[in-house]
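# Coordinate inspection notes
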Amino acid sequence: MKDETCIFCKIANGEIPSATVYEDNDFRVILDMNPASKGHALILPKNHYKDVCNLDSTVAAKVLPLAAKIGAAMEKGLGCAGFNLVQNNGTEAGQTVFHFHVHVIPRYQGGPSIAAWEPHAANEKELAETAEKIRTLL
Ligand code: AMP
Ligand code: ZN
């Protein structure tokens, strides 16, 4: 299913041109127009899913193998030392385009550095209580 108001539906299905690095029946992989590093790519399903919770299971099963393939090609072709897979769900998590996508972000020796979270130590009680709140809903 496509969403006619969704820019990633239009890009994924070729209605809007993009710097495409890969395409098959299910996905288009494009370069991000505001890259965190050289080669920053986005894996876009051709069908519209708002976020990971709405993703079709058949499509979901293909995403990680594709991300690994893209990352391995980046290491060979761009000379990056590694890569991050990033996938945002919800505004507070940094999602700005509400069509499921996975960022594949090459990481190079010497940078650029990319800010992540500030870790803090959690105590055992907090960990146990927090785990319980999630576990009981699964
Ligand atoms: P997110 O914040 O996880 O929703 O990621 C959306 C990403 O899409 C951002 O990194 C944007 O730079 C990128 N983006 C938005 N519009 C376009 C576009 N037309 N072509 C390429 N990348 C885009
Ligand atoms: Zn869409």
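The structure presented is a predicted model; accordingly, all values stated were derived computationally and were not measured.

Our next topic: the overall build of the protein. Check the secondary structure of the protein and you find three helices and five strands. Written out in order from the N terminus, the α and β elements of the protein read α-β-β-β-α-β-β-α. Each principal axis of the C-alpha atoms in the protein carries an extent, and together these give about 50 × 40 × 25 Å. Every one of the 138 residues in the protein was classed for burial, and the buried ones make up 31%. For the protein, long-range pairs separated by at least 24 residues make up 52% of all intrachain contacts whose partners lie at least 6 apart in sequence.

Coordination angles at a metal have ideal targets, namely 109.5 degrees for four tetrahedral donors and 90 or 180 degrees for six octahedral donors. Surrounding the zinc ion (ligand 2) are the protein donor atoms Cys6 (SG), Cys9 (SG), His48 (ND1) and His99 (ND1), at 2.0 to 2.3 Å. Classification of the site at the zinc ion (ligand 2) rests on its four donor atoms, whose angles at the metal span 105 to 118°, yielding the label tetrahedral.

This brings us to the site of ligand 1. The immediate surroundings of ligand 1 are formed by 16 residues, with Asp32, Gly94, Thr96, His101 and His103 found nearest. In this structure, an oxygen atom belonging to ligand 1 sits 2.8 Å away from a side-chain N or O atom of His103. Here ligand 1, which alone exposes 510 Å², has 82% of that area covered by the protein. Listing elements by their share of the shell around ligand 1, those giving two or more residues are helix 1 (7-12) and strand 2 (27-31). Looking at the shell around ligand 1, the element that brings in the most residues is helix 1, giving three residues. A class-by-class count of the residues in the shell around ligand 1 yields eight nonpolar, seven polar and one charged.

Pairing is antiparallel across the open sheet formed by five strands, whose spatial order is 1-2-3-5-4. Both edges of this open sheet fall to strand 1 (20-23) and strand 4 (82-86), since each of them pairs with a single strand only. Strand-to-strand, the axes of this sheet are offset by a mean angle of 20°, without reference to chain direction. Sheet topology places strand 1 next to strand 2; three bridges connect them, and they run antiparallel. Note that in strand 2 the partner of Tyr22 across the bridge is Val29.

With that settled, the discussion passes to the side chain of Asp51. Within the secondary structure, Asp51 sits in the loop between strand 3 (41-45) and helix 2 (57-78). According to the relative accessible area criterion, Asp51 is buried, its value standing at 11%. Beyond its immediate sequence surroundings of up to four residues, Asp51 is in contact with Asn89, Gln95 and Phe100.

Cut-off values and rules
- Residues numbered from 1 in each chain as written.
- Chains lettered and ligands numbered in written order.
- Predicted model: local features only at pLDDT ≥ 70, side-chain atom pairs only at ≥ 80, totals over all residues.
- Heavy atoms only, no water.
- Helix = DSSP H or I, 4+ residues; strand = E, 2+ residues; numbered from the N terminus.
- Buried < 20%, exposed > 50% of the residue type's maximum accessible area, 1.4 Å probe, protein only.
- Contact = heavy atoms within 4.5 Å.
- Donors = N, O, S within 2.8 Å, 3.2 Å for Na, K, Ca; no water.
- Tetrahedral: all angles 85-135°; square planar, octahedral: opposite > 155°, others 65-115°.
- Near = heavy atom within 4 Å.
- Polar contact = N/O pair within 3.5 Å; in protein donor to acceptor, adjacent residues only side chain to side chain.
- Areas by Shrake-Rupley, 256 points an atom, 1.4 Å probe, with all protein chains shown as cover.
- Nonpolar A, V, L, I, M, F, W, Y, C, P; charged D, E, K, R; others polar.
- Pairing = 2+ DSSP bridges.
- Axes fitted to C-alpha atoms, helices over the stretch in contact; angles between N-to-C directions.

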